[in-house]
Amino acid sequence: MGDPTAVTTAIVTATVPADDGSCAALLRWEGATLLERLLGQLAELGIHHVRVLVRPAHEAAVRAVAGDRVRVCAATDADLRAIAEAAAAPGGAGIVILPGEIVTHREALAGLLKDPRVVTGTLLGGGRRAGDFLFRVRSKRGRVISAASPYHFANRPTSAFLGVLKVAAADRPVLAASAARLAELAADPPEEWRDELERKREMWRNSLWRAAQRSEDDDEEADGEDAPVDEFDDGPDEAPMPLDVTLAPDDEQLLRQKLAAAPQDATALALVGMVRSGTHVGVTRLRRLFWARPLSPASAARAEVDIRDYDEDKVLLDSAVKASDGFFTTFFVSTYSRYIARWAAHRGFTPNQVTTVSLFIGILAAAAFATGERWGLVAGAILLQAAFTTDCVDGQLARYTRTFSKLGAWLDSIFDRAKEYVCFAGLAIGASAAGDPVWSLACAAIILQTARHFSDFSFGAGQTRLIGDIEQPPVERALDAAAIAAAERRAARVAQPEPTEQAPRPAEPAQPQPLSRRVLRAWHTIDRLPGVRWLKRMAAFPIGERFAAISLTAALFDARVTFIVLLTWGGFAVLYTLSGRVLRSIAR
Amino acid sequence: MTATVAPAEQRPQLPDSVAVYRDDGPIAQAIGSALGRRVPIPAMALLLLGAGTILALTAFAGSDASLGLTAAGVAVLLLTFGITNARYPKESFHWAVPSLVRIGEYTTLAWLAATADALPAAFALIAALTFRHYDLVYRLRHRAEIPPAWLNRLAAGWDGRVIIAWLLLALGALPAAMYIWAGLLGAVSVAESVVSWRRFERSRATAGEFDEIEGEGE
C-alpha cells in the first residue's frame, strides 16, 4: 500500500454483443475466452477485485466464466451507475475500467496501471486507427484535453482511446459523481447527444465507404506519438462527406454492429466524465504493442494469429527509446544504447546507478579536458561520449523496466547539467594551462545555455497552465470547449443569423487569419516533408548535438573552437526558438 | 484564449513559476513595490533595457570598466529588473522573463569579475548558481515545492548577489572571496537539496508534475 497510483479494482464491461448476438467478451481465445484471458492478465497485475458488468441475456454464460464477480446491468445507464457505486465505495485504491473483449499485451496494460507517473490516465493509440471505429481524444503535453464518446465530440483529435481508463484513489469521488450524472443522462439521452450519435453514424458510414474506395493499402501507423498537431487550426475536422453513399452488404452489417455497440460504451463515457470534470487525465501510449477489440469470431481468430507476430521484448526495448530525442541521439546513440539498457536490466542495475556512473564518467572527461594536452582532449572527447551514452541508457532502462521515480528524473536532469558545465570548466582550465585562456567564452557559454533552458522551462510551464485553464463544458454538452468556441465564433460571424442552423457541425469555413497564424500553419505544414522535423530538432541544438559538438571540436581543435561553436550554434538556436515562441505568443 | 478561470478552483494552485524562477531578493521586492506602479514603461521594455545595458557594457567597456561605471551598471540592472518584480509583461510573454533575469544577473557577475581579472571565480559562482536555479525548476516540477525561506535569504536573490559582488570588487576581495562564496553557496544548496529529496522520498507524496515533457526534459 501507500502508492497513491496503485490499482486494485477493475470494472470489466462485458456488455457488447458480438455479430452473432453472443457476448463479445466470451469469444473464443486459445481454448478459453477473451474475458478469461483478460482476467488472467489483470490478476498478474495485482488486480484481484473485479466486477464484470453483463447484460441480462448473457448473464448465465458470463457467470460460467467469471462466477460471482458478475453484475447484471440492463443498459448503459445501469453500467454507469455500477461504476459510480464502485467508485463511491469506501476505502480501496485506484480503479481501472475496461471492456472485457480487448486483446492486448499485458505490458500495454502494465504501462498504464503500473506507471507511478500516471495518476489518473488512459491508454491511447495512434490518431489514425480510424478503421477500428474507436472514439478519439485530443491530448496535449501528456494530458487529455477532450475526449469523444458515442454522444460526445472531440475537436481535432490526436489519438484513439483504446478503452482502458485508470482512476487513482484520489480521483474516485470525481468518477463517482460524474458517472452518476452520466447515468442520469444516458437513461434518456438529450437531443444534443442523439444528434452527435447521428453525426457519428454518417461519419462511420463515410469512412467505411472511403476505405472501400481506397482498396487494400492500409498503412500501419505507429501508436507511439500523436499525429502532428496544428494548435491554431480549428477548421473542419473531417473532409466533407458525400451524402447517400451505398455500402457493400458486409460493410452495412459492420456499421449496424458498430452502431449497436457504440451507445454501450460506458468506458468512453466515463472518460468523458473525468475529462469534463477538469481532472488531470494523463496519457500512456500503446507503443508498438498489439491491441484489438474483436466483435466477431472471425476477428478474434485473426487477432489470435496476429498477436503471435509480435516480439514483445523487442517492442518493449524499441519503445523504451524516447520518440522526442534529437537527431544525434536517435541515430548515433539510441541505436546501440538500447542493447546496453537491456543488458543492464538483465544484470539488475537500477537506472539511478547508471545515472551516477554517467556523472562519474562525465567528471573524468572534464578532468581529461583540464590537462589541456592533445591526448587529454581526445580522451575527454571519448569519455564525454561514453557519459552521454550512459545517460541515454538510464532513461531507456527506466522505461524498459518501468522503474520510474521522481528522484531518478531529478538526478538525471541535474547530473546532465553538471556534466556539461563541469566539462566547460575542464576545457577552460585546460585552455589556460595551454596558454590560451577562454574564461570569458566559458562564462558566455554557461550563461547562454542556462538562459536557453529557462526559456524552455517557462514556455513549457505557460503551455501547461493554459491547458489547465481550459474550461470544460458539462457532460450534457456534446461538443467540447474548442468546438463550442468555434461554433460561437461562427454564429457571431453570420451577421444576419440563419436561425435554423442545423445541429452544430463543428466545421468552419476558411477565413482570413492573422499573419502570425498563417506563418505558424505553414511552419507545421512543412513538417510533412522528409527530414524537416529532424532538421528542426537539430536547429534547437539539443543535448546530443551539444555533446557531439564538444567532443568533435575538442578532439580535433581546442577549447576555444569548442566554445565558439557552442556559442554560434546556441545563438542560432536562440534566434530560431525565439522567433517561434514570439510568433505563438502574438498569435494567441 | 479563455480569459476566465473557473471560479471554484479545486485543484491546488502551484506557486507562480515565473515568480519562483526569477529568484528576486528583498531589494528587488522593495524596488518593485516602491516604483512598480509609478513607472509607465512596459515590463518587457524594462527587462530588455536592463539586460541590453549590461550586455552592451560588458561587450564595449569590458574588463577596462571603472568602478564607477560598474556601479552605474549594477544600478541600472537593479532599477529596471526591480521594477518588474511587481509588474509582469502580457501573460503570453511570461516565458521570456526568467531567461532575461538570468542573463542580466550572470552577465553582471561575470563583467564585475572581469574588471578584477577574476573570470574563473565568476565561472565558479555562476556554476553554483545554476545548481540553485535548475533546482528551483525541478523542485517545483517534481515536488511542487519552493526552497525554504532560510535558503532563499542566504542566496540573497539576484539583486543581493550583484550588490555583494560589486562590494567585493570595491573592497578588492576578488577573486578569493568569490571562490569562497561560490563554494559555500554550492555546498549549502546541494546539501539542502539532497536532504529535502530524502525527506520527500520518504513521504512519497504525489504532488507535482511527473512526466517527461518533450524538449525540456533533456
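Fair warning: this is a prediction, and the values are worked out from it, not measured in the lab.

### Describing the overall build of chain A
Of regular secondary structure, chain A possesses 20 helices and 13 strands. Here chain A holds 588 residues, and the buried ones make up 55% of them. Total accessible area on chain A stands at roughly 24,300 Å², and carbon and sulfur atoms take up 59% of it.

### Thoughts on the environment of A:Gly580
Within the fold, A:Gly580 resides in helix 20 (residues 559–587). Residue classification places A:Gly580 among the buried positions, given a relative accessible area of 19%.

### Looking at the packing of helix 3 (residues 76–88) of chain A against helix 8 (residues 266–276) of chain A
All names here are of chain A. Between helix 3 and helix 8, the shortest axis-to-axis distance is 10 Å and the interhelical angle comes to 55°. Classified by the interaxial angle, the pair formed by helix 3 and helix 8 is oblique. When you trace helix 3 past helix 8, the crossing you get is right-handed. Together, Thr76, Asp79, Leu80 and Ile83 of helix 3 and Ala266, Leu269 and Ala270 of helix 8 make up the contact between the two elements.

### Re unusual backbone geometry
The omega torsion across B:Leu174 and B:Pro175 is 0°, close enough to zero to call that bond cis. Mapped onto the elements of the fold, B:Pro175 is located in the loop between helix 8 (157–170) and helix 9 (176–203). A positive phi is found at A:Arg156, a non-glycine position, where the angle reads about 45°. Along the chain, A:Arg156 turns up in the loop between strand 10 (143–147) and strand 11 (159–167).

### Digging into the pairing of strand 8 (residues 120–126) of chain A
Residue and element names in this part refer to chain A. Counted residue by residue, strand 8 has seven buried out of seven residues, so it is predominantly covered. As paired elements, strand 8 and strand 12 (residues 281–285) share five bridges and run parallel to each other. The residue bridging Thr122 from the neighbouring strand is Val283, located in strand 12. Relative to strand 11, strand 8 is paired through five bridges, and the arrangement is antiparallel. Along strand 11, the bridge assignment pairs Gly126 with Ser159.

### Structural notes on the state of the cysteines
Residue and element names in this part refer to chain A. Inspection of the entire model under this criterion finds zero disulfides over all chains. Looking at Cys73, it has no disulfide partner, and the nearest cysteine sulfur is the one in Cys23, 12 Å off. Here Cys423 is not disulfide-linked; the sulfur of Cys392 is the nearest cysteine sulfur, at 15 Å. What makes Cys423 buried here is its relative accessible area of 0%.

### Re helix 5 (residues 96–115) of chain B
All names here are of chain B. The terminal C-alpha atoms of helix 5 lie 29 Å apart, and with 20 residues this matches the ideal 28 Å at 1.5 Å per residue to within 8%. In terms of residue burial, helix 5 counts as a mostly covered element, since 18 of its 20 residues are buried. Asp117, located one to two residues past helix 5, shows a positive phi value of around 60°.

### Side note on the nonpolar core
Among the nonpolar cores identified, the biggest contains 101 residues, and A:Phe424, A:Phe563 and B:Met178 are the most heavily contacted of them. Broken down by element, the residue count for this core peaks at 13 residues, all from helix 6 (residues 119–143) of chain B. Setting aside residues no more than four positions away along its own chain, A:Phe563 makes contact with A:Phe424, A:Leu427, A:Ala428, A:Val438, A:Leu441, A:Ala442 and A:Ala445. Listed in part, the 49 residues of the second largest apolar core include A:Ala87, A:Tyr151, A:Ala154 and A:Leu271.

### Regarding the pattern of salt bridges
Counted under the stated rule, the structure contains 34 salt bridges over all chains. With a closest N to O distance of 3.9 Å, A:Arg308 and A:Glu304 form a salt bridge. Through salt bridges that share partners, B:Asp23, B:Arg102, B:Glu105, B:Arg132 and B:Arg161 make up one connected network.

### A word on the environment of A:Ser358
All names here are of chain A. Relative to the helices and strands, Ser358 is located in helix 12 (residues 351–369). Taking C-alpha positions, Ser358 is 9.3 Å from Asp412, a pair spaced 54 residues apart along the chain. With sequence-adjacent residues up to four places away left out, Ser358 is seen in contact with Ala387, Thr390, Asp391 and Lys419. Polar contacts involving the side chain of Ser358 include one to the main-chain carbonyl oxygen of Ala387, which spans 2.9 Å.

### Observations concerning helix 1 (residues 34–44) of chain A
When we look at burial in helix 1 of chain A, the residues that qualify are A:Leu34, A:Leu35, A:Arg37, A:Leu38, A:Leu39, A:Gln41 and A:Leu42. Looking at the residues trailing helix 1 of chain A, positive phi occurs at A:Gly46, about 85°.

### Structural notes on the confidence of the model for chain B
Residues and elements named next belong to chain B. For chain B, per-residue confidence averages 86 on the pLDDT scale, and residues scoring 70 or more make up 86% of the total. Predicted confidence is poor over residues 1–13, with pLDDT under 50, and the contacts of this stretch with residues over four places away or in other chains come to eleven contacts. Low pLDDT, under 50, characterises residues 210–218; the predicted model gives this stretch 26 contacts beyond four residues in sequence or across chains. Here the complex is predicted with pTM 0.85, and the ipTM for its interfaces comes to 0.90.

### Observations concerning the side chain of B:Ser193
Tracing the chain through its elements places B:Ser193 in helix 9. For B:Ser193, a relative accessible area of 0% corresponds to the buried category. Sequence-distant contacts of B:Ser193, that is, excluding residues within four places in its chain, are made with A:Trp410, B:Phe131, B:Asp135, B:Arg139 and B:Arg143.

### So, the packing of aromatic side chains
For the structure on display, the rule yields 27 aromatic pairs over all chains. Ring geometry for A:Phe290 against A:Tyr310: centres 5.5 Å apart, planes inclined by 75°, an arrangement best described as edge-to-face. Here the residue A:Phe290 occupies a position in the loop between strand 12 and strand 13 (291–292), and A:Tyr310 occupies one in the loop between helix 9 (297–306) and helix 10 (312–318), the gap between them amounting to 20 residues. Ring plane angle 40° and centroid distance 6.3 Å describe the contact between A:Tyr421 and B:Tyr134, whose orientation is recorded as tilted. Of this pair, A:Tyr421 sits in helix 14 (residues 406–433) while B:Tyr134 is found in helix 6, placing the two residues in two different chains. Both residues of the pair, A:Tyr421 and B:Tyr134, belong to the buried class. When the ring centre of A:Phe404 is taken as reference, the NZ or CZ atom of A:Arg117 above it lies at 3.5 Å. Across the ring face of B:Trp197, the terminal group of B:Arg143 is positioned such that the distance to the ring centre comes to 4.7 Å.

### Some remarks on the pairing of strand 10 of chain A
Within strand 10 of chain A, five of the five residues are buried, which leaves it mostly tucked inside the rest of the structure. Hairpin connection from strand 9 (residues 136–140) of chain A to strand 10 of chain A: two residues lie between these consecutive antiparallel strands, with A:Arg141 at a positive phi of about 50°.

### Here we look at the environment of A:Phe369
Residues and elements named next belong to chain A. Residue placement: Phe369 occurs in helix 12. Among the residues examined, Phe369 registers a relative accessible area of 0% and is labelled buried. Along the primary structure Phe369 and Arg402 are separated by 33 residues, whereas in three dimensions their C-alpha atoms are 36 Å apart. In contact with Phe369, not counting residues within four places along its chain, are Gly376, Leu377, Gly380, Ala381, Leu384, Cys423, Gly426, Leu427, Gly430, Ile550 and Ala554.

### Here's the deal with a nonpolar patch on the surface
Residues and elements named next belong to chain A. Taken together, Tyr336, Tyr339, Ile340, Trp343 and Phe349 make up a surface patch of nonpolar side chains, about 510 Å² in accessible area. As for its placement among the helices and strands, Trp343 is situated in helix 11 (residues 327–347). With a relative accessible area of 46%, Trp343 lands in the partly exposed category.

Criteria and thresholds
Residues numbered from 1 in each chain as written. Chains lettered and ligands numbered in written order. Predicted model: local features only at pLDDT ≥ 70, side-chain atom pairs only at ≥ 80, totals over all residues. Heavy atoms only, no water. Helix = DSSP H or I, 4+ residues; strand = E, 2+ residues; numbered from the N terminus. Buried < 20%, exposed > 50% of the residue type's maximum accessible area, 1.4 Å probe, protein only. Areas by Shrake-Rupley, 256 points an atom, 1.4 Å probe, with all protein chains shown as cover. Axes fitted to C-alpha atoms, helices over the stretch in contact; angles between N-to-C directions. Parallel < 35°, antiparallel > 145°, perpendicular 65-115°, else oblique. Left-handed = near helix turned anticlockwise from the far one by under 90°. Contact = heavy atoms within 4.5 Å. Pairing = 2+ DSSP bridges. Disulfide = S-S within 2.5 Å. Expected span 1.5 Å × (residues − 1). Core = buried A, V, L, I, M, F, W, Y, C linked by side-chain atoms within 4.5 Å. Salt bridge = Lys/Arg side-chain N within 4 Å of Asp/Glu carboxyl O. Polar contact = N/O pair within 3.5 Å; in protein donor to acceptor, adjacent residues only side chain to side chain. pLDDT = per-residue confidence, 0-100. Phe/Tyr/Trp six-rings, centres within 6.5 Å; stacked < 30°, edge-to-face > 60°. Lys NZ or Arg CZ within 6 Å of the ring centre and 35° of its normal. Patch = residues over 30% accessible without salt bridge, like charges linked within 9 Å, V, L, I, M, F, W, Y side chains within 5 Å.

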